[in-house]
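Summary of the model geometry
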Amino acid sequence: MSDPSSPPESRDEGVARVTRLRTDVSHSARIWNYWLGGKDHYPVDEEVGDQILSFVPALPRSAVADRAFLARAVRYLAEDAGIRQFLDIGTGLPTADNTHEVAQRVDPTCRIVYVDNDPLVLTHAHALLTSTPEGATDYIEADVHDPEAILRGAAETLDFSRPVAVTMLGIVNFVMDTDEAVGIVRKLLAALPSGSYLVISHPTTEVDGEAMKSAVEYWNSQGSAPMTLRSRADLARLFEDVELLEPGIVSCSRWRPEAPEGEIAEVTHFGGVGRKP
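Rules and cut-offs
- Residues numbered from 1 in each chain as written.
- Predicted model: local features only at pLDDT ≥ 70, side-chain atom pairs only at ≥ 80, totals over all residues.
- Heavy atoms only, no water.
- Helix = DSSP H or I, 4+ residues; strand = E, 2+ residues; numbered from the N terminus.
- Rg over C-alpha atoms; globule rule 2.2 N^0.38 Å.
- Buried < 20%, exposed > 50% of the residue type's maximum accessible area, 1.4 Å probe, protein only.
- Contact = heavy atoms within 4.5 Å.
- Areas by Shrake-Rupley, 256 points an atom, 1.4 Å probe, with all protein chains shown as cover.
- Lys, Arg positive; Asp, Glu negative; His and termini not counted.
- Charge placed at Lys NZ, Arg CZ, Asp CG, Glu CD.
- Phe/Tyr/Trp six-rings, centres within 6.5 Å; stacked < 30°, edge-to-face > 60°.
- Axes fitted to C-alpha atoms, helices over the stretch in contact; angles between N-to-C directions.
- Left-handed = near helix turned anticlockwise from the far one by under 90°.
- Nonpolar A, V, L, I, M, F, W, Y, C, P; charged D, E, K, R; others polar.

Looking only at helices and strands, the protein has 10 helices and 8 strands in total. The C-alpha atoms of the protein give 18 Å as radius of gyration, which agrees with the globular expectation for 277 residues (19 Å, within 12%). Along the longest, intermediate and shortest principal axes, the C-alpha atoms of the protein span 60 × 45 × 35 Å. When burial is assessed residue by residue, the protein has 50% of its 277 residues classed as buried. Taking all contacts inside the protein whose residues are at least 6 apart in sequence as the whole, residues at least 24 apart take part in 73%. Just so you have it, the protein exposes about 12200 Å², and 51% of that area is on carbon and sulfur atoms. Across the protein, the centroid of the 25 positively charged side chains sits 3 Å from that of the 43 negatively charged ones.

Rendered as structure tokens:
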């Protein structure tokens, strides 16, 4: 039962969120959570996730590598690049080492804004808002296809006169047209000053290409938000307005790894980090 003392807007938003929470259609954030060993998913997510694994059994390894890439990139940006503001678009469900946790371990004054459009992520957003007293975290519900709305919401917490790191892990692949994807990234970067950073990871055709294509064809056939794969050349276009840091666009597991070379496996997600000149 709703708290009668809560404002009508809060009750309405809660009802709307529950209405939009589809448990009969799989969602990428919940499947990712399933592959990572989490509990925030439904039977349909397990069913679709298992079917995708029948095409690419190593995908859970990609999920783990993608999260580790995020942690390494954020730690580098906070420790070495001096970034104190992060805009995390396509947040996904909370897990270990969320962006604010990594950044605020380096400097408690870091400010982080999370962005997602999945009502289940919004339901769990309280776990993303446990900021240090010195810093700040916020969560805004918005779609990657609407960068203007993202920037408006983020400006309430972040100071766009100072550098910001934009992280977009596993989200640009839901923008089907590459020209549109490039345009979205450009709009986000255009609002930010020199010294800002862009972090992207994206499923590709560079590893297990034919199997990945079959997995995506299945994904797109069963009612979930459609997604696409991109080549390294396609991904390079997303970084056109920034200076790519070494080692460039590589398998996520190979971006400044902490493990010995012999223990690193190629994964199906590629990633890169660039600095706005």
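Moving on from the model shown.
It is worth spelling out unusual backbone geometry at this point. What you tend to see is this: most non-glycine residues have negative phi, and most peptide bonds are trans. For the bond running from E246 to P247, omega is 10°, close enough to zero to count as cis. Within the chain, R256 stands out as a residue other than glycine whose phi angle is a positive 45°. Here R256 shows up in the loop between β7 (250-251) and β8 (269-275).

So, about the side chain of T178. If you trace the backbone, T178 turns up in helix α8 (residues 178-190). Apart from residues no more than four positions distant in its own chain, T178 is found in contact with R230 and R237.

In this description, an aromatic ring pair is defined by two values, namely the gap between the centres and the angle between the planes. Per the counting criterion, the structure on display carries 3 aromatic pairs. Their ring planes at 40° and their centres at 6.1 Å tell us that F55 and Y218 sit as a pair that is tilted. Here F55 is found in helix α3 (residues 43-55), whereas its partner Y218 is found in helix α9 (residues 209-221), with 163 residues between them in sequence. Between Y76 and W255, the ring centres sit 6.3 Å apart and the planes meet at 75°, which makes this aromatic pair edge-to-face. Of the two residues, Y76 sits in helix α4 (residues 59-79) while W255 sits in the loop between β7 and β8, which places them 179 residues apart along the sequence. Exposure class is identical for Y76 and W255. Each is buried. In this structure an aromatic cluster arises from ring pairing among F69, Y76 and W255.

Bringing the environment of E263 into the picture now. Structurally, the position occupied by E263 is in the loop between β7 and β8. Linking E263 and V216, residues 47 residues apart in sequence, is a C-alpha distance of 28 Å.

Turning to the packing of α4 against helix α5 (residues 99-106), a few remarks are in order. At a minimum axis distance of 9 Å, the contact between α4 and α5 shows a crossing angle of 30°. When the axes of α4 and α5 are compared, the crossing they make is right-handed. Residues L70, A71, V74, R75, A78 and E79 of α4 lie in contact with α5, whose contacting residues are T99, V102, A103 and V106. Across the contact of α4 with α5, the residue classes break down as 7 nonpolar, 1 polar and 2 charged.

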